[in-house]
There are 2 protein chains.
Amino acid sequence: MSTQAPAPSRREQILKEAARLFAERGFHGVGVDEIGAAVGISGPGLYRHFPGKEAMLAELLVGISGRLLTGGKRRAAEGEGAGRTPAEVLDSLIEGHIDFALDDRPLIILHDRELDRLRDTDRKLVRSLQRQYVELWVEVVRKVYPRLAEAEARACVHAVFGLLNSTPHLGRPGALPGRAATAALLHRLAMGAFDGAHGADGAASEPKGRAAVDEESARGS
Amino acid sequence: MSTQAPAPSRREQILKEAARLFAERGFHGVGVDEIGAAVGISGPGLYRHFPGKEAMLAELLVGISGRLLTGGKRRAAEGEGAGRTPAEVLDSLIEGHIDFALDDRPLIILHDRELDRLRDTDRKLVRSLQRQYVELWVEVVRKVYPRLAEAEARACVHAVFGLLNSTPHLGRPGALPGRAATAALLHRLAMGAFDGAHGADGAASEPKGRAAVDEESARGS
DNA sequence: GGGAGTAGTTAACGTTCACTAACGGTACCG
DNA sequence: CGGTACCGTTAGTGAACGTTAACTACTCCC
């Protein structure tokens, strides 16, 4: 309805279009003229809003990293506050990440693709935020799957991020039924991945039945 | 000259270094002078071996896509020939992909990151190879997990690729015990993901009909 | 009405980049 | 020795890019 679109203030407009273009063609593949054209102004008019091209990328990356971390922290804290089990907290983290991946595709792409185009200062900040986010997940994952060593858990988290961030690769049109179905599918995939990493025998905490697919066990490597 | 193997023929040397540099800093972020310097010659000397910078990227991407597809086809054919179960074939596909991801990191990065920097002809070729590879997986996956609809299976395959291709994000040093352990872990993660996708109840999302529930949250597109 | 601030324009500058031109050395081969 | 193909060099070219400069129009506010 009359959702108050609160004045998409040129700045945000620019950031949004820049994100889309950067994601499509890469940071170095997009000129400032194109970004300007995408918002109706042309070329150097952008410099009224940003000190430079890189500042746009920096703000985008810091923004997404910060929001991911903030959201993750909030969900973890909610879990501690209420009587949630670690498994439920992990569930919530997965859900939050999926929301990001589905709603902010361009940012998710940039987030792990164009980080190295930042200057030292910005890059270190973004990396720090990313690391904190990863460690947040690792902590929760290790509570749910205590048999995972820390390094293993971290690798699993990175892998699941790769899985969840694969949304951009799903074809644009009607490849999947819809948003909700896609989210549910990703959720199941992520949970399954963690379960699989933990090993075939006694995973205690999660009630998900093991839908038996006959596999001849561990000829793993 | 009976020794066939050790001929790192300048050309291959160039391709290898170009792959590394493209993966590190992006196609547009690397200059031809740097590529030349990386192999000991400088700048335009490269044009004795390649008609242009983009030709190097094209050869790299066609190469990796082709090798992935060839390897996948070989494994699938071996499965058909022998009495292998679909689950065993899928196992083999996963193993093959992991080998690629672990042994040719730069190429795996380029493979899904710099595709759009190619000219139409090359890009279509690479996309065709990639699509065939995906469809190969989808076929096998649907045999192992028959309850997955085709679109779902395809999404799962893409997601698992994202998972397996996450290796570049695993920290460089001794983050994981070793190659074998990493491969085994990735294998378990991938299998678990498929299991998880299949295992959930079909209550929510099995029909192909336009379930109206999806688009609820799409306000403000 | 007259600053002041904001948001935009076009023109130009300096650099970087992919690529070409012209040239030289070296190995093989008659 | 002369010829040829290969592999490399340095110098240069035209285009594109990020950024700055100089200038214009509009709005707000006393």
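Residues numbered from 1 in each chain as written. Chains lettered and ligands numbered in written order. Predicted model: local features only at pLDDT ≥ 70, side-chain atom pairs only at ≥ 80, totals over all residues. Heavy atoms only, no water.

We now examine the overall build of chain A. Looking only at helices and strands, chain A features eight helices and zero strands. The order of α-helices and β-strands along chain A, N terminus first, is α-α-α-α-α-α-α-α. In chain A, the share of contacts with a sequence separation of at least 24, taken over all contacts with a separation of at least 6, comes to 68%. For chain A, the accessible surface area stands at approximately 10,900 Å², while carbon and sulfur atoms represent 52% of it. (Helix = DSSP H or I, 4+ residues; strand = E, 2+ residues; numbered from the N terminus. Contact = heavy atoms within 4.5 Å. Areas by Shrake-Rupley, 256 points an atom, 1.4 Å probe, with all protein chains shown as cover.)

UniProt's feature table lists "DNA-binding region" (unreviewed entry) at residues 31-50 of chain A, given in the numbering used throughout. Measuring from the first to the last C-alpha atom of residues 31-50 of chain A gives 14 Å, for a span that is 35% helix and 0% strand. (UniProt positions renumbered as here; feature names shortened; annotations may be inferred.)

So, on to the domain arrangement of chain A. Residues and elements named next belong to chain A. When its domains are assigned, chain A resolves into domain 1 (1-50) and domain 2 (54-218). The interface is formed by 14 residues belonging to domain 1 together with 11 residues belonging to domain 2. For the pair domain 1 and domain 2, the two sides together bury roughly 1,100 Å², of which 80% comes from carbon and sulfur. For the pair domain 1 and domain 2, the number of links is one salt bridge. Inspection of the domain 1/domain 2 interface yields two residue pairs in polar contact (both at pLDDT 80 or more). (Domains from an automatic or database assignment. Buried area = accessible area lost by both parts, 1.4 Å probe. Salt bridge = Lys/Arg side-chain N within 4 Å of Asp/Glu carboxyl O. Polar contact = N/O pair within 3.5 Å; in protein donor to acceptor, adjacent residues only side chain to side chain.)

Another aspect to go through is the packing of helix H1 (residues 11-25) of chain A against helix H3 (residues 53-81) of chain A. Residues and elements named next belong to chain A. At a minimum axis separation of 10 Å, H1 and H3 run at an interaxial angle of 90 degrees. When the axes of H1 and H3 are compared, the pair comes out roughly perpendicular. Counted together, Arg-11, Ile-14, Leu-15, Ala-18, Ala-19 and Phe-22 of H1 and Lys-53, Met-56, Leu-57, Glu-59 and Leu-60 of H3 form the full contact between these two elements. Considering only residue class, the contact of H1 with H3 consists of eight nonpolar, no polar and three charged. (Axes fitted to C-alpha atoms, helices over the stretch in contact; angles between N-to-C directions. Parallel < 35°, antiparallel > 145°, perpendicular 65-115°, else oblique. Nonpolar A, V, L, I, M, F, W, Y, C, P; charged D, E, K, R; others polar.)

Another aspect to go through is the environment of B:Glu54. Residue and element names in this part refer to chain B. Among the structural elements, Glu-54 can be located in helix H3 (residues 53-81). Along the chain, Glu-54 and Glu-24 lie 30 residues apart, while their C-alpha atoms are 16 Å from each other. Discounting residues that sit within four places of it in the chain, Glu-54 has contacts with Phe-27, Arg-117, Leu-118, Arg-119 and Asp-122.

Quick look at the pattern of salt bridges now. Opposite charge on two side chains permits them to pair, given that their charged atoms come into close proximity. Per the stated rule, a full pass over the model turns up 32 salt bridges over all chains. The partner of B:Arg25 in a salt bridge is B:Glu34, with the nearest N and O atoms 1.9 Å apart. Residue class for B:Arg25 comes out partly exposed when judged on its relative accessible area of 31%. With its nearest N and O atoms 2.8 Å apart, the salt bridge here joins B:Arg179 to B:Asp99. Residue B:Arg179 is located in helix H8 (residues 179-199), and its partner B:Asp99 is located in helix H4 (residues 86-103); the two are separated by 80 residues in the primary sequence. When its relative accessible area of 40% is taken as the criterion, B:Arg179 is described as partly exposed. Beyond isolated ion pairs, a larger network of salt bridges with shared partners links A:Glu17, A:Arg20, A:Glu24, A:Arg25 and A:Glu34. (Buried < 20%, exposed > 50% of the residue type's maximum accessible area, 1.4 Å probe, protein only.)

To continue, consider the protein's contact with DNA strand D. With respect to spatial proximity, 15 residues lie near DNA strand D, and among them A:Tyr47, A:Lys53, B:Arg10, B:Arg48 and B:His49 are the closest. Each atom of DNA strand D within 4 Å of the protein was assigned to sugar, phosphate or base; sugar and phosphate come to 50%. A distance of 2.9 Å separates a phosphate oxygen of DNA strand D from a polar backbone atom of A:Val32. Taken together, the residues of the surface near DNA strand D break down into six nonpolar, five polar and four charged. (Near = heavy atom within 4 Å.)

As a further point, take the protein's contact with DNA strand C. By nearness alone, 15 residues border DNA strand C, and A:Arg10, A:Arg48, A:His49, B:Tyr47 and B:Lys53 come closest of all. Protein-adjacent atoms of DNA strand C, using a 4 Å cutoff, are sugar or phosphate at a proportion of 53%. Between DNA strand C and A:Arg10 there is a distance of 2.3 Å, counted from a phosphate oxygen to a side-chain nitrogen or oxygen. Tallied by class, residues from the surface near DNA strand C come to six nonpolar, five polar and four charged.

So, on to the packing of aromatic side chains. Applying the stated criterion across every chain yields a total of 10 aromatic pairs over all chains. Seen in terms of ring centroids, A:Trp137 and A:Phe161 are 4.9 Å apart; in terms of plane orientation they differ by 80 degrees. Their pairing is edge-to-face. Of the two residues, A:Trp137 is situated in helix H6 (residues 120-144) and A:Phe161 in helix H7 (residues 150-164); the sequence distance between them amounts to 24 residues. The exposure class of A:Phe161 is buried, given its relative accessible area of 9%. Taking 6.1 Å as the distance between ring centres and 70 degrees as the angle between the ring planes, the aromatic pair formed by B:Tyr133 and B:Trp137 counts as edge-to-face. In this pair, B:Tyr133 and B:Trp137 both sit in helix H6 (residues 120-144), four residues apart, roughly one turn of the helix. When sorted by exposure, B:Tyr133 lands in the same class as B:Trp137, which is buried. Here the aromatic cluster, defined as three or more aromatic residues joined through ring pairs, consists of A:Tyr133, A:Trp137 and A:Phe161. (Phe/Tyr/Trp six-rings, centres within 6.5 Å; stacked < 30°, edge-to-face > 60°.)

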